[in-house]
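# Fold and contact review
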Amino acid sequence: MSASGNQIKRRTFLKGMGAAAGAGLAASCAPSTPAPEAPAGATEAPAAATEAPAGATQAPAATAAPEMPAIKYGDKACVMRYMAGGYLPEGPQENRIKEIIEEALRNEYGINIDFQFERATYADIEPLITLRQQTQEVDMMMRGTTKATEWFNTPGLVRDFDAEIREYGPHLLTTIPEAGFDYYSRDGKWCSIVGMRLTPHDIDFLHIRRDWLDRIDRDVPYTIEELEECLRLFKEQNLGGDVTIPMVNENPAWVTSAMLMGPWTPEPAVQRQMIHDGIPISYRLPGTVMVEERLDYFQRLIGNGLFNPEWASWQYDQVYDAVGRGLVGCLVGGHWLTNGLLQTQVEATDPAQDWVQIFPPPSIQDVPNTGRIGAAMPIDRVVMACSWCECPEAIVALTDWQDKDMDNYNTVHYGIQGEHWDWGEGGWIVDKRSPAPEQEVIGTYDILATVPMQKARALFPPEPGKEPKDPYILQYINNNMHSRANALVPEQGEYPMVANIDRFVPYAYTESGKYLSDLEALQNEYFASIVNGELEVVAGVQQFWDAYYGAGGELFMQETVDQYDAWIAANPAYEDDEIFFAPDYWNTERKLPPPKE
């Protein structure tokens, strides 16, 4: 395409993006068969090896293990060398857990396997996996989509294990949508087991002090305009004292491309036009970050002292020191904070603080369906096999076994029943390990969990004395775009979300990949300059795009458009906008826990 011609198109289109946002926006092959239906009673329990007590919420219905005429590798166990980094903490009981797993796979799946798990910290795992791949000392590995996509597109590195998934993963086939398996496929053969994401987004959730709202005589804000007014009143009335910080984010890295994305993420029709005009839309790229109205909102918050002025440099300990001292009125972070750190540490230390989570997410005033979260990528974890792997069925069978039964799941996560965990009388899980923060580490073998298992586990009744402050949050969170039985079909009661229409495209940037880190750094630089008031919004956005396309963005966008066009031609079912934006199915019922007495 003509660079100059498309730059004109982009620039013309981008100038109208802010107004368009406020007015109305404000995987390699098509599935050969429809995605499988969720098993009947997808949140109900299998028959467990040890029956759960009455009243327990149960795990997904188990599928019978495949019948095997003889033990495969019966003469000599096939060695499976597996790496998954910080997901697998080692501990003194791990050999006992390993023996339980290997015996189960011999008895239930008919395969004789010797698992060799290698562990490393998150900081060390990626270079170590790369080294093990180079020396062929690892057979299978698991990481997130960014690293898995790199592996998938490295010639000769990974193999398909389509036949093994179909033979040894009967439960996985009913609980992972076909769109997930198809994400990494080659010549119609599946090359991965994927863990679909359950949480709508990791961190774009707003928590606000209801006791401060009472002091300014305001209700919980449900529009960004109401939120801004509440933050301004927090500041004007010095509710945190002389150093009042109306709003903070847990992590400065999240502010640029994760905080308050939903109201301004373009809706599907606008995204299609953006792709046509060569504007990047991917969740980690600037077409959904550098929206003028969003930048203007942030610039106003920071300029008026409503958002932490040191947002770019603060670390977790600084954030929670300020929260704990009562200086902060609104905190942006994970959905789990209300029933987690804010309840167990902040409010436990300072009972006067009363934190609630804003649901549904704040909208743009008078603009329908803008109260929503910008959806994260649909896939959380990915397991792949190296081309020299001799028995990938080992990981398939282990993943299938651990995820079809709640006792199995607890074994690989917590340890041995009766020693490390057990069922409570009311159906909760009693953790018998030493308490946090110095909790005993048993040695776990978690591979990945399917969405039905995660949902079932999350909805177990709480142990007495550990009741959540807000019992509604998990009900909201666990039903969303990511948790669908069929990724293409919305389900009633979903968390309000809007997604990018290319979320199932496994992009490979063979030509422009060398520019991506610089392009991301450029985006972060201009975002900070604009929201901190160093650049005027419209002029700053124009300068950004000029710099972006001159620094490799043109080539990057050409690859993006070419791959998206090829993918959508092969997957026409994904042209339905409702897959990515389905407000008719949203849950917008407002419930809050009772105020403190």
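The structure contained in this document is the topic of the report that follows. (Residues numbered from 1 in each chain as written. Predicted model: local features only at pLDDT ≥ 70, side-chain atom pairs only at ≥ 80, totals over all residues. Heavy atoms only, no water.)

## Quick word on the pairing of strand 13 (residues 379-386)
The element strand 13 is largely enclosed, with a buried count of seven among its eight residues. Strand direction decides the pairing type here: strand 3 (residues 140-143) and strand 13, joined by four bridges, are antiparallel. Bridge assignment links Met 140 to a residue of strand 13, and that residue is Ala 385. Taken together, the four bridges between strand 7 (residues 193-196) and strand 13 define a ladder with antiparallel strand orientation. Following the sheet pairing, Gly 195 is matched in strand 13 by Arg 381. (Buried < 20%, exposed > 50% of the residue type's maximum accessible area, 1.4 Å probe, protein only. Helix = DSSP H or I, 4+ residues; strand = E, 2+ residues; numbered from the N terminus. Pairing = 2+ DSSP bridges.)

## Regarding the nonpolar core
In terms of nonpolar packing, the biggest core is built from 144 residues, with Phe 115, Ile 193 and Met 247 touching the most fellow members. Among the elements that make up this core, the one with the highest residue count is helix 21 (residues 537-570) (twelve residues). Excluding anything up to four places from it in sequence, Ile 193 contacts Phe 161, Ile 165, Leu 172, Ile 176, Phe 181, Arg 381, Val 382, Val 383, Ile 395, Val 396, Thr 399 and Leu 448. Grouped together as the second largest cluster of nonpolar side chains are 14 residues, Ile 245, Val 248, Ala 322 and Leu 342 included. (Core = buried A, V, L, I, M, F, W, Y, C linked by side-chain atoms within 4.5 Å. Contact = heavy atoms within 4.5 Å.)

## Comments concerning the layout of surface pockets
Taken as a whole, the largest pocket spans an internal volume of roughly 2200 Å³. Taken together, 50 residues form the lining of the largest pocket, with Trp 336, Tyr 414, Arg 457, Ala 458 and Leu 474 sitting closest to its centre. By residue number, the principal contributor to the lining of the largest pocket is helix 19 (residues 473-477), which donates four residues. When the residues that make up the lining of the largest pocket are grouped by side-chain class, the tally is 25 nonpolar, 13 polar and twelve charged. (1 Å grid on protein atoms, 1.4 Å probe; cavity = no way out; pocket = protein on both sides within 12 Å on 5 of 7 lines; lining within 4 Å. Points joined across faces, edges and corners; volume = space filled by probe spheres on them. Nonpolar A, V, L, I, M, F, W, Y, C, P; charged D, E, K, R; others polar.)

## Overview of the environment of Ala 449
Within the secondary structure, Ala 449 is located in the loop between strand 15 (429-431) and helix 18 (451-458). Setting aside its immediate chain neighbours within four residues, Ala 449 contacts Gln 402, Asp 403, Tyr 409 and Gln 454.

## Examining the packing of helix 16 (residues 393-403) against helix 17 (residues 406-414)
With their axes 6 Å apart at the nearest point, helix 16 and helix 17 run at an angle of 110° to one another. Considering their axes alone, helix 16 and helix 17 lie roughly perpendicular with respect to each other. Counted together, Trp 401, Gln 402 and Asp 403 of helix 16 and Asn 408, Tyr 409, Val 412 and His 413 of helix 17 form the full contact between these two elements. Grouping the amino acids of the contact of helix 16 with helix 17 by side-chain chemistry returns three nonpolar, three polar and one charged. (Axes fitted to C-alpha atoms, helices over the stretch in contact; angles between N-to-C directions. Parallel < 35°, antiparallel > 145°, perpendicular 65-115°, else oblique.)

## Quick look at the packing of aromatic side chains
Applying the stated criterion across every chain yields a total of 28 aromatic pairs. Judged by centre distance (5.1 Å) and plane angle (55°), the ring pair of Phe 359 and Tyr 495 falls under tilted. With Phe 359 in the loop between strand 11 (355-357) and strand 12 (373-374) and Tyr 495 in the loop between helix 19 and strand 16 (497-498), the pair connects residues that are 136 residues apart, well separated along the chain. Just as Phe 359 is buried, Tyr 495 falls in that class too. An aromatic cluster is built from Tyr 526, Phe 544, Trp 545, Tyr 548 and Tyr 549, whose rings are joined through pairwise contacts. Against the face of Trp 190 rests Arg 166, its NZ or CZ located 3.8 Å from the ring centre. (Phe/Tyr/Trp six-rings, centres within 6.5 Å; stacked < 30°, edge-to-face > 60°. Lys NZ or Arg CZ within 6 Å of the ring centre and 35° of its normal.)

## Quick notes on empty space enclosed by the protein
Within this model, the second largest cavity holds a volume of roughly 80 Å³. Here the lining of the second largest cavity is composed, by residue class, of nine nonpolar, no polar and two charged.

## A closer look at the state of the cysteines
Within this structure, the stated rule accounts for one disulfide. Here Cys 78 pairs with Cys 391 through a disulfide, and the sulfurs are 2.2 Å apart. On the sign convention where negative means left-handed, the S-S torsion of about -90° between Cys 78 and Cys 391 marks this disulfide as left-handed. One end of the pair, Cys 78, is in strand 1 (residues 78-83); the other, Cys 391, is in the loop between strand 13 and helix 16, with 313 residues separating them in the sequence. The two residues Cys 78 and Cys 391 agree in class, both being buried. (Disulfide = S-S within 2.5 Å.)

## Section: the side chain of Asp 139
Relative to the helices and strands, Asp 139 is located in the loop between helix 4 (122-134) and strand 3. A relative accessible area of 6% means that Asp 139 is categorised as buried. Every residue in contact with Asp 139, bar those within four places of it in the chain, is listed here: Val 79, Met 80, Arg 81, Met 384, Ala 385, Cys 386, Trp 388 and Cys 389.

## Re the pattern of salt bridges
Tallying each qualifying case throughout the model produces 28 salt bridges. With its nearest N and O atoms 3.7 Å apart, the salt bridge here joins Glu 126 to Lys 147. Here Lys 147 lies in helix 5 (residues 145-152) and Glu 126 lies in helix 4, a separation of 21 residues in the sequence. Lys 147 gets classed as buried once you look at its relative accessible area, which sits at 14%. Each of Arg 210, Glu 347, Asp 354, Lys 469 and Lys 596 takes part in salt bridges that share partners, so that together they form one network. (Salt bridge = Lys/Arg side-chain N within 4 Å of Asp/Glu carboxyl O.)

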